[in-house]
Amino acid sequence: MSVHKNDAKRVTTHVLQAMKSRGERIAMLTAYDYSMARILDEAGIDILLVGDSASNVMAGHETTLPITLNNMIYHASSVVRGVNRALVVVDLPFGNYQSNPMLALESTVRIMKESGAHAVKLEGGAEISKSIKKILTAGVPVMGHLGLTPQSIYKFGTYTVRAKEKEEAEKLIEDAKILEDLGCFAIVLEKVPAALTQKVAEKLTIPIIGIGAGQHADGQVLVTHDLLGITKDFQPRFLRRYLELFEVIKGSVGQYIDDVKSRDFPNETEQY
Ligand code: KIV
């Protein structure tokens, strides 16, 4: 018996694996709320990431560190309600998996039960392998995240490109292999040289999803608010902005304010 209305059309981890095998690129974006999730899902996005970037984009924090598990569950359950097709992946927030595999599993179980999401994402390699293993034993798909891992921003000091030097690049390749061997279904590679992404994508059989990681990744992810130009002062080289929605919304709201002040709105046809 099926539990979903449109099971046949849903993107699963197996669908993503098949996409990599036939060389079809995977499109992934962030979503934090029902309305945006609905639009992105209807547009045909393959994966929606309920990213801890909600800490920056939705809550205005400087980093992703302050967001809580309850915040993530709220965002994730809103997104799940807007989705018919996409695979919904949720970031485990900072502090909920690094210290202890049982906490990682308990946090994951809460996300899966309370939001209805399909998978979780964790930042890091070998150092979090016990947490990843524990989550996988509960049957929850895990997406890895290597390269620039924003939860470690105070260790890195800046948001610049990672793994440009040989030693860090070799560690990243090792970590990627560890994540694949553990059973992760995909890995996000953030802000690393394109040549390194190519090596990882060729070496691994699971999909590599890049952000600022070049054209050789098996798929791409962007923060939706960056792509739409809602976030204003963020212009990294890797970002392609498809709209300048900040200005569009500001202009429309300015027009509304003028219409109210001038008594043009509402007019006779807009009242009862
Ligand atoms: O939180 C997030 O939005 C992310 C993406 C940048 C991959 O992790």
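Look above for the structure.
Residues numbered from 1 in each chain as written. Predicted model: local features only at pLDDT ≥ 70, side-chain atom pairs only at ≥ 80, totals over all residues. Heavy atoms only, no water.

## Some thoughts on the overall build of the protein
Looking only at helices and strands, one finds 11 helices and 8 strands in the protein. For 272 residues, the compact-globule estimate of 2.2 N^0.38 gives 19 Å, and the protein sits close to it at 20 Å. Reported as C-alpha extents along the three principal axes, the dimensions of the protein are approximately 65 × 50 × 40 Å. When burial is assessed residue by residue, the protein has 48% of its 272 residues classed as buried. At a minimum sequence separation of 6, the contacts of the protein that also span at least 24 residues come to 58%. Accessible area of the protein: about 14300 Å², with a carbon and sulfur share of 54%. For the protein, the distance from the average position of its 31 positive side-chain charges to the average position of its 33 negative side-chain charges is 4 Å. (Helix = DSSP H or I, 4+ residues; strand = E, 2+ residues; numbered from the N terminus. Rg over C-alpha atoms; globule rule 2.2 N^0.38 Å. Buried < 20%, exposed > 50% of the residue type's maximum accessible area, 1.4 Å probe, protein only. Contact = heavy atoms within 4.5 Å. Areas by Shrake-Rupley, 256 points an atom, 1.4 Å probe, with all protein chains shown as cover. Lys, Arg positive; Asp, Glu negative; His and termini not counted. Charge placed at Lys NZ, Arg CZ, Asp CG, Glu CD.)

## Brief notes about the site of the ligand
Around the ligand, the neighbouring residues are Thr-30, Leu-49, Gly-51, Asp-52, Ser-53, Asp-91, Lys-121, His-145, Val-188, Glu-190, Ile-211 and Val-223. Within the contact set of the ligand, an oxygen atom lies 2.5 Å away from a side-chain nitrogen or oxygen of Ser-53. When isolated, the ligand has an accessible area of 260 Å², and the protein chains bury 95% of it. For the shell around the ligand, a count of residues per class yields 4 nonpolar, 4 polar and 4 charged. (Near = heavy atom within 4 Å. Polar contact = N/O pair within 3.5 Å; in protein donor to acceptor, adjacent residues only side chain to side chain. Nonpolar A, V, L, I, M, F, W, Y, C, P; charged D, E, K, R; others polar.)

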